[in-house]
Amino acid sequence: MWGGRFSTGPDAIMEAINASIEFDKRLGPQDIESSIAHVDMLGATGILNVSDVSAIKEGLEEILNELNSGEFEFSKALEDIHMNIEARLKDKIGNPAGRLHTARSRNDQVATDFRLWVRGQIDLTDKNIADLMRALLDQAQSGVSWIMPGFTHLQTAQPITWGHHMMAYVEMFARDRSRFKDARNRMNECPLGSAALAGTSFPIDRDHTARALEFERPTANSLDAVSDRDFALEFLNSSSICAMHLSRLAEELVIWSSAQFKFIDLSDRFSTGSSIMPQKKNPDAAELVRAKIGRILGANIGLMTVMKGLPLAYSKDMQEDKEQVFDAADSLSLALCAMKGMIQDLTANKENLEFAAKSGFSTATDLADWLVRVLNLPFRDAHHVTGEIVSLAERSGCDLSELELKDMQSINSDINEDVFKVLSVENSVKSRSSYGGTSPKEVQFQIDRWKKVLG
C-alpha cells in the first residue's frame with residue numbers, strides 16, 4: 001500500500017497491533033455503499049470515465065454479495081476493511097480499481113462508514129425501545145387499577161397502581177428514544193470528500209454523495225469531519241442511560257420475583273434453574289440485563305478517554321473506537337430484546353400486590369392530608385398527629401384502617417368517622433387524580449396517549 005516510501009515490510013508485532021480487520025470487517029456493507037456513492041459522484045463530475053465507473057460499481061456489487069454470503073476472504077496483512085475490499089476489487093477488475101480512491105482518503109472513508117453503521121444502529125435501537133414500550137403498555141393496561149405499594153428507599157410509601165408503575169418506565173424509555181433521535185439528527189452529515197484532512201483539489205460534488213447516502217448535508221469543515229467521533233460518543237452516552245434504565249427495571253424484576261415479594265412470576269423462557277437446588281427458579285435474564293450497564297458504560301468511558309487528548313486531525317488512536325461501539329451496540333440490542341420478552345411473559349400477582357399495598361401504613365399521607373383539609377391543621381401539625389397514630393397502630397399490631405375511632409381521638413379529639421374514607425388503599429389511589437397521578441382514570445389517559453404515539 002505504501003511500498004513507494006518504505007523499503008521493508010512491517011514487523012509481525014507491528015502488523016498485529018496495526019490491523020483492524022478482525023473487527024472493522026463489520027463495516028463491509030457500509031464501505032461498499034459509500035464507495036458506490038463516491039464513484040457515482042466521480043462519474044457525474046467527469047473525474048472518472050463511464051467505463052471505469054461501470055466496472056468499479058459492478059465489482060463492488062459482486063464483493064457485497066460475497067460479504068453477505070460469507071464467501072469473502074479477509075486478509076490481516078491488508079489491515080482493514082477498506083484495503084481488503086480495494087484489493088479484492090483489483091482482483092476482479094484490474095487497474096480501474098485503483099481509481100476508486102481518487103479524491104478520498106481512508107480518513108474520510110472510515111468516518112463515513114462508521115457514521116452509516118452507527119446511524120443504522122440508532123434506527124434499530126429506536127425500534128427495539130418502541131417494542132419494549134408497547135410491552136410495558138400492555139402490562140399497564142392489564143393492571144390499570146390493580147393496587148400495589150409504591151416505594152421510596154425501598155420502604156412502603158403510598159399505594160399506587162400497577163399500571164402507574166409500568167407507565168413510569170414508558171416515560172423513561174421515551175426519553176431514551178428522544179436522545180437517540182437527537183444524536184441521529186446531529187450526526188447526519190456526510191464526511192466523504194473531506195479526504196485526509198484538508199479537502200481535495202478535484203472538482204467533486206459533496207452534495208451528490210451526501211444525498212446518495214441519505215445524509216442531510218456534507219460536513220462543513222474537513223479537519224473536523226475526519227477527526228470527529230462525537231457521533232459515536234453520543235450513541236454510547238445515550239446507550240449508557242438506556243442501559244441504566246434497563247438495569248433499574250431488571251432490579252425490580254429480580255426483587256419482585258423473589259419468594260419474599262411474590263409480586264410477579266417470570267416465565268420459564270426467561271429463567272434458569274440450579275445445578276444443585278431443584279426448587280430454584282432464577283431470574284438470570286433480568287440479572288444479565290442488569291449487568292449490561294457495566295459493559296456499555298465502560299465503552300462510553302473508554303472511547304471518551306481515547307479521544308480526550310488527541311490533536312487534530314486523524315490519529316491511529318481512533319482505530320480503538322469501533323470495538324467498544326460494536327460491543328455496546330450488541331449488548332444494548334440484546335438487553336432490550338430480552339427485557340421485552342420478560343415484560344411480555346411475566347404475570348403480575350394481583351392479590352399479593354394488593355396485600356402488600358395494605359401493609360406498612362401506606363395511607364398515612366392520606367390521613368395527614370385529611371387532617372389538613374378537614375380539620376384545618378397546619379401540615380406540620382398534621383404530620384406529627386399522623387406519626388403518633390401510626391405509632392399507635394404499630395404498637396397495636398394493626399393497620400390504620402383497623403384502628404378504632406376512639407383510639408385516634410385519643411390523639412386528636414376532632415377526628416371523626418369521615419376519616420375512614422381516606423384510609424383505604426382503593427380510595428387513596430382514586431384520589432391521586434392530578435395530571436400524571438396514579439388514579440386509574442389518569443393512568444388510562446396516559447396509556448391511551450402513548451398508544452396513539454406508538455401506533
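Thresholds applied
Residues numbered from 1 in each chain as written. Predicted model: local features only at pLDDT ≥ 70, side-chain atom pairs only at ≥ 80, totals over all residues. Heavy atoms only, no water. Helix = DSSP H or I, 4+ residues; strand = E, 2+ residues; numbered from the N terminus. Buried < 20%, exposed > 50% of the residue type's maximum accessible area, 1.4 Å probe, protein only. Areas by Shrake-Rupley, 256 points an atom, 1.4 Å probe, with all protein chains shown as cover. Lys, Arg positive; Asp, Glu negative; His and termini not counted. Charge placed at Lys NZ, Arg CZ, Asp CG, Glu CD. Contact = heavy atoms within 4.5 Å. Polar contact = N/O pair within 3.5 Å; in protein donor to acceptor, adjacent residues only side chain to side chain. Phe/Tyr/Trp six-rings, centres within 6.5 Å; stacked < 30°, edge-to-face > 60°. Salt bridge = Lys/Arg side-chain N within 4 Å of Asp/Glu carboxyl O. Core = buried A, V, L, I, M, F, W, Y, C linked by side-chain atoms within 4.5 Å. Axes fitted to C-alpha atoms, helices over the stretch in contact; angles between N-to-C directions. Parallel < 35°, antiparallel > 145°, perpendicular 65-115°, else oblique. Left-handed = near helix turned anticlockwise from the far one by under 90°.

## Quick notes on the overall build of the protein chain
Here is step 1 of the chain: For the protein chain, the count of helices and strands is 18 helices and six strands.
Here is step 2 of the chain: On the principal axes, the C-alpha backbone points of the protein chain span a range of 100 × 55 × 40 Å.
Here is step 3 of the chain: Taken over 455 residues, the protein chain has a buried fraction of 48%.
Here is step 4 of the chain: Per element, the accessible surface of the protein chain, about 21,900 Å² overall, is 51% carbon and sulfur.
Here is step 5 of the chain: Computed over 50 positive and 66 negative side-chain charges, the separation of the two mean positions in the protein chain equals 2 Å.

## Here we look at the environment of Asp366
Here is step 1 of the chain: Mapping Asp366 onto the fold places it in helix 14 (residues 364-375).
Here is step 2 of the chain: Judged by relative accessible area, Asp366 falls into the buried class, the value being 5%.
Here is step 3 of the chain: Between the alpha carbons of Asp366 and Val425 there is a distance of 9.4 Å; along the sequence they are 59 residues apart.
Here is step 4 of the chain: Not counting chain neighbours up to four residues away, the residues in contact with Asp366 comprise Val422, Ser428, Ser431 and Arg432.
Here is step 5 of the chain: Among the polar contacts listed, one links the side chain of Asp366 to the side chain of Ser428, at a separation of 2.8 Å.

## Digging into the side chain of Gln109
Here is step 1 of the chain: Mapped onto the elements, Gln109 comes out in helix 6 (residues 106-142).
Here is step 2 of the chain: Residues within four places of Gln109 in sequence aside, it is in contact with Asp31, Ser35, His82, His101, Arg104 and Leu192.

## Comments concerning the packing of aromatic side chains
Here is step 1 of the chain: Counted under the stated rule, the structure contains 11 aromatic pairs.
Here is step 2 of the chain: Between Phe114 and Phe231 the ring centres are 5.5 Å apart and the planes differ by 75 degrees, which places this aromatic pair in the edge-to-face class. Of this pair, Phe114 sits in helix 6 while Phe231 sits in helix 10 (residues 230-256), placing them 117 residues apart in sequence.
Here is step 3 of the chain: Where Phe151 meets Phe261, the ring centres are 6.3 Å apart and the plane angle is 55 degrees; that geometry is what we call tilted. With Phe151 in strand 1 (residues 147-152) and Phe261 in the loop between helix 10 and strand 5 (264-265), this pair connects stretches of sequence that are 110 residues apart.

## Remarks on the side chain of Glu86
Here is step 1 of the chain: Here Glu86 lies in helix 5 (residues 81-93).
Here is step 2 of the chain: Of the side chains with opposite charge, Arg104 comes closest to the buried, unpaired Glu86, at an N-O distance of 5.1 Å.

## Here's the deal with the environment of Lys322
Here is step 1 of the chain: Position of Lys322 among the secondary structure elements: in helix 12 (residues 322-345).
Here is step 2 of the chain: In this structure Lys322 comes out as buried when scored by relative accessible area, which is 4%.
Here is step 3 of the chain: Lys322 sits 208 residues away from Phe114 along the chain, and the two C-alpha atoms are 8.0 Å apart.
Here is step 4 of the chain: Those residues in contact with Lys322 that lie beyond four places of it in its chain are Phe23, Asp24, Leu27, Val110 and Phe114.
Here is step 5 of the chain: One polar contact links Lys322 to Asp321, side chain to side chain, over a distance of 2.8 Å.

## Remarks on the nonpolar core
Soluble globular proteins tend to pack their nonpolar side chains together in the buried interior.
Here is step 1 of the chain: One finds Phe173, Leu253 and Met339 to be the most contacted residues of the largest nonpolar core, which totals 92 residues.
Here is step 2 of the chain: It is helix 10 that provides the largest number of residues to this core, a total of 14 residues.
Here is step 3 of the chain: With near-sequence residues (within four places) excluded, Met339 lies in contact with Leu132, Leu246, Leu249, Ala250, Leu253 and Val289.
Here is step 4 of the chain: If you look at the next biggest cluster of nonpolar residues, it comprises 21 residues, including Ala382, Ala393, Leu400 and Met408.

## Things to note about the packing of helix 4 (residues 50-69) against helix 5
Here is step 1 of the chain: One way to put it is that helix 4 packs onto helix 5 with a least axis distance of 9 Å and a crossing angle of 120 degrees. When the axes of helix 4 and helix 5 are compared, the pair comes out oblique. The two elements helix 4 and helix 5 meet at a crossing, and its hand is right-handed. On helix 5, the residues that touch Ala55, Ile56, Gly59, Leu60, Glu62, Ile63, Glu66 and Leu67 of helix 4 are Ile85, Arg88, Leu89, Lys92 and Ile93.

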